[in-house]
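Below are the chains, spelled out letter by letter.
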Amino acid sequence: LEQEILDQITSANTIETLENVRVSALGKKGQVSLMMRELGKMTPEEKKEFGPKLNALKNSLNDAIADRREALEDEILNQRLQSEKLDITLPSVPAEPGSIHPISQVIDEVTEIFTEMGFSVAEGPEIEEDFYNFTALNIPPEHPARQMHDTFYLPEDKDGNRKVLRTHTSPVQIRTMMNGKPPFRIIAPGRTYRCDSDATHTPMFHQVEALVVDKDINMGHLKWCIEEFCRKFFEVDNVKTRFRPSYFPFTEPSAEMDIGCAFMGDEIRIGEGDDWLEILGCGMVNPRVLENVGLDPNEYQGFAFGMGLDRIAMLKWGIPDLRDFFAADLRWLKHYGFAA
Ligand code: PHE
C-alpha cells in the first residue's frame with residue numbers, strides 16, 4: 001500500500017491531484033486513517049506491532065507529500081518567471097517631451113520682474129461674485145460700464161445672485177484690501193473671461209493686476225513702474241509707449257497705455273511702424289474704492305493697472321493673431337519654438 005500511494009504522489013503533476021491523493025490516504029475517511037481506526041479493536045500485542053508501523057507510514061507519506069508540493073510550487077514559479085520575462089534590452093518608445101506654454105512663460109517672467117521690484121503675488125477665484133468683480137469697484141448694478149465687459153454670467157442661485165466669470169483681475173484688488181492692512185504692493189496674474197473674439201481678443205485671456213497702496217503715492221510712481229517693467233520685459237531699447245487718458249470707474253484719473261509696433265502680415269514688430277497695440281489700463285485708485293474697503297483716502301493713495309498678458313506675449317514673439325495661442329496646434333507651437 002505504501003508504495004502504491006508513494007507512486008501516486010510522485011505522478012501527481014498538479015497541486016490539485018496531489019491534494020486528492022492526500023485526502024484519499026490521510027483524510028478523515030482516507031485509507032490510512034481507516035487503518036488507524038482499526039487499531040482500537042486490536043489486542044495489545046497487535047497494537048504494539050502495528051501502531052508504530054502505521055505512524056511511520058503516516059509520517060513518511062506526509063513527508064513525501066510535502067516534498068512533492070514544494071517541487072510543484074517551484075515548477076509553477078519557474079514557469080511564471082519564464083513567461084513573464086521582460087526583455088529590458090529592447091529599445092523604448094520615445095516619449096514626446098513636454099514644454100511650457102508661451103503664456104505660462106510670460107506669467108513666470110512677469111512675476112519674476114515684479115517680485116524683484118518688491119511686489120508679492122495675490123490670488124482670487126475665476127468664478128467671482130458680482131460684488132468683487134463690479135460693485136466694490138464702483139460699478140453698481142445699473143452702471144453702463146457693465147455692458148462694456150461682455151460678461152459671462154452663471155445661472156442664478158436660490159437667493160437670486162448670479163456669479164460671473166471674472167472679466168478682469170481687478171476683483172483681486174478688493175479681496176487684497178479687505179483681507180489685510182496697508183501698505184499693499186501686489187500683483188495678481190491669472191485667467192479672465194469676456195464674450196469676445198477676434199485677432200486681438202479671445203473669450204478666455206490673461207491679465208496681471210498690480211496694486212500699490214501707501215501714503216503719498218502718485219501717478220509718477222505708476223508711470224515709472226510700468227516703463228521699468230517694459231524695459232526689462234521686452235529687452236528692446238526703443239520701445240515706444242503712449243499713455244492715453246481713459247475712463248475706469250475704479251480709477252481716477254485713468255489712462256490706457258499702448259506700445260508702438262507694426263502689424264506686418266503674419267508678423268508684428270515692436271519699435272517699428274506706426275500701429276499701436278493697447279496693453280493695459282491704469283490709474284490712481286478711486287477714493288470711493290478705498291472707502292468701499294474701509295480705507296481713508298486722505299491718509300492713503302494708490303495706483304493700479306491691469307495688463308493683458310496675451311498682448312505682451314504677442315509683442316514679445318511678434319505673433320499677430322492672439323487666437324493661435326489657444327488653438328493647441330502642435331505645428332504652430334513647434335514653428336515658433338514653443339515645443340520641441
Ligand atoms: N480692469 C481694467 C480692465 O480690465 C484694467 C484696469 C486695471 C484699469 C486697474 C485700471 C486699473 O480693462
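Fair warning: this is a prediction, and the values are worked out from it, not measured in the lab.

How each quantity is defined
- Residues numbered from 1 in each chain as written.
- Predicted model: local features only at pLDDT ≥ 70, side-chain atom pairs only at ≥ 80, totals over all residues.
- Heavy atoms only, no water.
- Near = heavy atom within 4 Å.
- Polar contact = N/O pair within 3.5 Å; in protein donor to acceptor, adjacent residues only side chain to side chain.
- Areas by Shrake-Rupley, 256 points an atom, 1.4 Å probe, with all protein chains shown as cover.
- 1 Å grid on protein atoms, 1.4 Å probe; cavity = no way out; pocket = protein on both sides within 12 Å on 5 of 7 lines; lining within 4 Å.
- Sits in = over half its atoms within 2 Å of the grid points.
- UniProt positions renumbered as here; feature names shortened; annotations may be inferred.
- Helix = DSSP H or I, 4+ residues; strand = E, 2+ residues; numbered from the N terminus.
- Contact = heavy atoms within 4.5 Å.
- Buried < 20%, exposed > 50% of the residue type's maximum accessible area, 1.4 Å probe, protein only.
- pLDDT = per-residue confidence, 0-100.
- Patch = residues over 30% accessible without salt bridge, like charges linked within 9 Å, V, L, I, M, F, W, Y side chains within 5 Å.
- Salt bridge = Lys/Arg side-chain N within 4 Å of Asp/Glu carboxyl O.
- Lys, Arg positive; Asp, Glu negative; His and termini not counted.
- Charge placed at Lys NZ, Arg CZ, Asp CG, Glu CD.
- Core = buried A, V, L, I, M, F, W, Y, C linked by side-chain atoms within 4.5 Å.

Okay, the site of the ligand next. In the vicinity of the ligand lie 14 residues, with His168, Ser170, Arg194, Gln207 and Gly306 positioned nearest. Within the side chain of Ser170, a nitrogen or oxygen atom sits 2.9 Å from a nitrogen atom of the ligand. At 2.9 Å, a side-chain N or O of Arg194 approaches an oxygen atom of the ligand. Bound to the protein, the ligand loses 92% of the 330 Å² it would expose on its own. For the ligand, the cavity whose grid points lie within 2 Å of the majority of its atoms is the largest pocket.

So, about the UniProt feature "binding site: Mg(2+)" (unreviewed entry) in the protein. Using the residue numbers shown here, the UniProt feature "binding site: Mg(2+)" (unreviewed entry) corresponds to Glu252. By secondary structure assignment, the location of Glu252 is in strand E7 (residues 251–264). Other than its neighbours up to four places away in sequence, Glu252 contacts Met284 and Asn286.

A few words now on the environment of Val110. The topology assignment puts Val110 in helix H5 (residues 102–116). Not counting the four nearest positions on each side in its chain, Val110 is found in contact with Val208, Phe229, Phe233, Leu309 and Ile312.

It is worth spelling out the UniProt feature "domain: Aminoacyl-transfer RNA synthetases class-II family profile" (unreviewed entry) in the protein at this point. The positions that UniProt labels "domain: Aminoacyl-transfer RNA synthetases class-II family profile" (unreviewed entry) are, in the present scheme, residues 104–315. Across residues 104–315, the secondary structure splits into 25% helix and 34% strand, with the terminal C-alpha atoms separated by 15 Å.

In this model, Pro182 is joined to Pro183 through a cis peptide bond whose omega is 5°. Positionally, Pro183 belongs in the loop between helix H7 (171–178) and strand E4 (184–193). Here Glu252 and Pro253 are connected by a cis peptide whose omega angle stands at -5°. Of note, Asn138 is a non-glycine position whose phi angle comes to about 70°, a positive value. Position of Asn138 relative to the elements: it lies in the loop between helix H6 (130–133) and strand E3 (164–165). The phi angle at Asp216 is positive, at roughly 60°, despite the residue not being glycine. Structurally, Asp216 is set in the loop between strand E5 (204–214) and helix H8 (219–234). Taking the relative accessible area as the measure of exposure, Asp216 reaches 64% and is therefore exposed.

Here the protein averages 91 in pLDDT, and 100% of its residues register 70 or above. The complex prediction reports pTM at 0.72, with the ipTM value standing at 0.98.

Taken together, Asp63, Asp67, Glu70, Asp74 and Glu75 make up a surface patch of like negative charges. The residue Asp74 is located in helix H4 (residues 44–83) in this model. Among the residues examined, Asp74 registers a relative accessible area of 45% and is labelled partly exposed.

Attention shifts here to the nonpolar core. The tendency in soluble globular proteins is for nonpolar side chains to be buried side by side. In this structure, Phe305 and Ile312 are the most contacted members of the largest nonpolar core, which totals 45 residues. The element best represented in this core is H8, accounting for seven residues. Setting aside residues up to four positions removed in sequence, Ile312 forms contacts with Val106, Val110, Phe229, Phe233, Phe234, Ile279 and Met307. Judged by nonpolar contacts, the second largest core, of 25 residues, contains Ala122, Ile174, Leu211 and Val289.

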